Amino acid sequence: MVRTEARPLLLRPMLAVCERLRTSMRLLILVVVLVVPGALATAMYSVVRGNQIDFSMAEREGADAVRPMLLALADTVAGEEPDLAAVRRVATDQPGLGLAKVSRAMPELGDGSPARRLEVAGSLAAMITEAGNSSNLILDPDLDSFYVMDAQVVQLPKALMAAMSAANPAPGDSVQARLAARAVMAGNLASAADALGSDLDTAARSTELTGLKDRLDQVQSLQDEAASLAQTITTALASPSSADPAALGAAARVAVAPLYQALVDLLDSRIRTFNGERRLVLGAAIGGFLLAGWFAIAAVRGTTHDVRRTVRAVTAIAEGISGSGRCRTGATNWATSAAPSPSPEIDCSSRTTRSGPPRPLASSTSGQASSTSDRSRCSSASAPRTSSTSRPE
């Protein structure tokens, strides 16, 4: 009785499947099972990286949209003519930012009075905030670009709005209320100045972009002007005179360009890095998949070819053995049924055949018969010859 080897319990389902498949099909299934998870992981990586690139591209568009708004806000505070037409073009050219409604509500400069400028500045600050929210700028994930963004999207408008408010009479029906309002303006200016300095220092420490610190140093004058104006307001809280924000507005206009360029360079660097990493990973993955497919085809073909050669060799060996047996049997039968050939010359002294090649003996019986026949023939040859007729006495 043949004993079968016990199969591991965990392998029984797979063994049952493999037994029903050819070797080439097993290899093909193995390659597919290994390649599919890799392809899925590569596709998911490409999707995630693509989303990050799209996120950064939206930030880039937001930075382009915020720049003319900041320039218009700085000109408004500095007492110059702001380019409101450029701001409205941004709202029209980039409808995805959702600035159309705020743009339509933005008032004209009119007579250019401080009150009118305060209204325009408030509308521009609202547009900047909306652009930062809708373009993902406010959600920037990197330390350096986040703090550069915060300086121009949050702190710079905050300082300019506080300065423009200080150029108008403090609201309130009582002296105490007006003093409180001016104290709030001074506090907003001071906190914006401190936040600007903190943002620039943090961005400079956290960045890998060469020369960023030198470019951000150009914004130092803006921080100084904001701190100076806050000190002026605090010193003269009880004075009914309004503060002059022109110097702060001019410093803000100068600071817009380096802040914008620093943010754009950081975003562009991030986008290039993401694109390079994605191309590298996709190239390696696609190359690996092609190599795996190439190897799989070669392995399947080689295995199939080897199996076919083995089958042909075994078949040829089996047919050769069977054919040789048939030929020997047929030759023996033919020798038995054929007419006897002329007897060869016998050397009776040595009992060996002198002529003709030795023939294989069909069996021991035929060999013994042949030996007996040879001995009898030798005996006949050595016996004295007698006459066929007897001589009469």
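The rules we used
Residues numbered from 1 in each chain as written. Predicted model: local features only at pLDDT ≥ 70, side-chain atom pairs only at ≥ 80, totals over all residues. Heavy atoms only, no water. Core = buried A, V, L, I, M, F, W, Y, C linked by side-chain atoms within 4.5 Å. Buried < 20%, exposed > 50% of the residue type's maximum accessible area, 1.4 Å probe, protein only. Helix = DSSP H or I, 4+ residues; strand = E, 2+ residues; numbered from the N terminus. Contact = heavy atoms within 4.5 Å. Salt bridge = Lys/Arg side-chain N within 4 Å of Asp/Glu carboxyl O. Phe/Tyr/Trp six-rings, centres within 6.5 Å; stacked < 30°, edge-to-face > 60°.

K.L.:
So what exactly am I meant to see when it comes to the nonpolar core here?
P.N.:
Generally speaking, a soluble globular protein has its nonpolar side chains buried in company with each other. Among the nonpolar cores identified, the biggest contains 65 residues, and Met69, Leu99, Leu124, Leu189, Leu216, Leu222 and Leu248 are the most heavily contacted of them. At the level of elements, helix H2 (23-78), helix H3 (84-93), helix H5 (114-134), helix H6 (143-166), helix H7 (175-206), helix H8 (212-216), helix H9 (220-235) and helix H10 (246-337) are the ones that each hand at least two residues to this core. No other element matches H10, which puts 12 residues into this core. When neighbours within four sequence positions are excluded, Met69 is seen to be in contact with Val87, Val90, Leu99, Leu124, Met127, Ile128 and Ala131.

K.L.:
Could you clarify how one ought to interpret the pattern of salt bridges in this entry?
P.N.:
Scanning all chains against the criterion turns up 10 salt bridges. Across the salt bridge formed by Asp142 and Arg270, the nearest N and O atoms sit 2.9 Å from each other. Of this pair, Asp142 sits in the loop between H5 and H6 while Arg270 is found in helix H10, placing the two residues 128 residues apart along the sequence. Look at Asp142 and you get partly exposed, because its relative accessible area is 30%.

K.L.:
How should I be thinking about unusual backbone geometry in this particular structure?
P.N.:
Leaving glycine aside, a negative phi is the common case for residues, and trans is the common case for peptide bonds. One non-glycine residue with positive phi stands out, namely Asn136, at about 70°. By the secondary structure assignment, Asn136 is in the loop between H5 and H6.

K.L.:
Which parts of the structure should I look at to understand the packing of aromatic side chains?
P.N.:
The relative placement of two aromatic rings is captured by the distance of their centres and the angle of their planes. By the definition in use, this model includes 1 aromatic pair. Taking 5.3 Å as the distance between ring centres and 85° as the angle between the ring planes, the aromatic pair formed by Phe146 and Tyr147 counts as edge-to-face.

K.L.:
Sorry, what's going on with the environment of Leu109 here?
P.N.:
Inspection of the secondary structure puts Leu109 in the loop between helix H4 (100-105) and H5. Residues Leu109 and Pro82 lie 27 residues apart in sequence; the distance between their C-alpha atoms is 8.1 Å. Leave out the neighbours within four places in its chain, and Leu109 touches Glu80, Glu81, Pro82, Leu84, Arg116, Arg117 and Val120.

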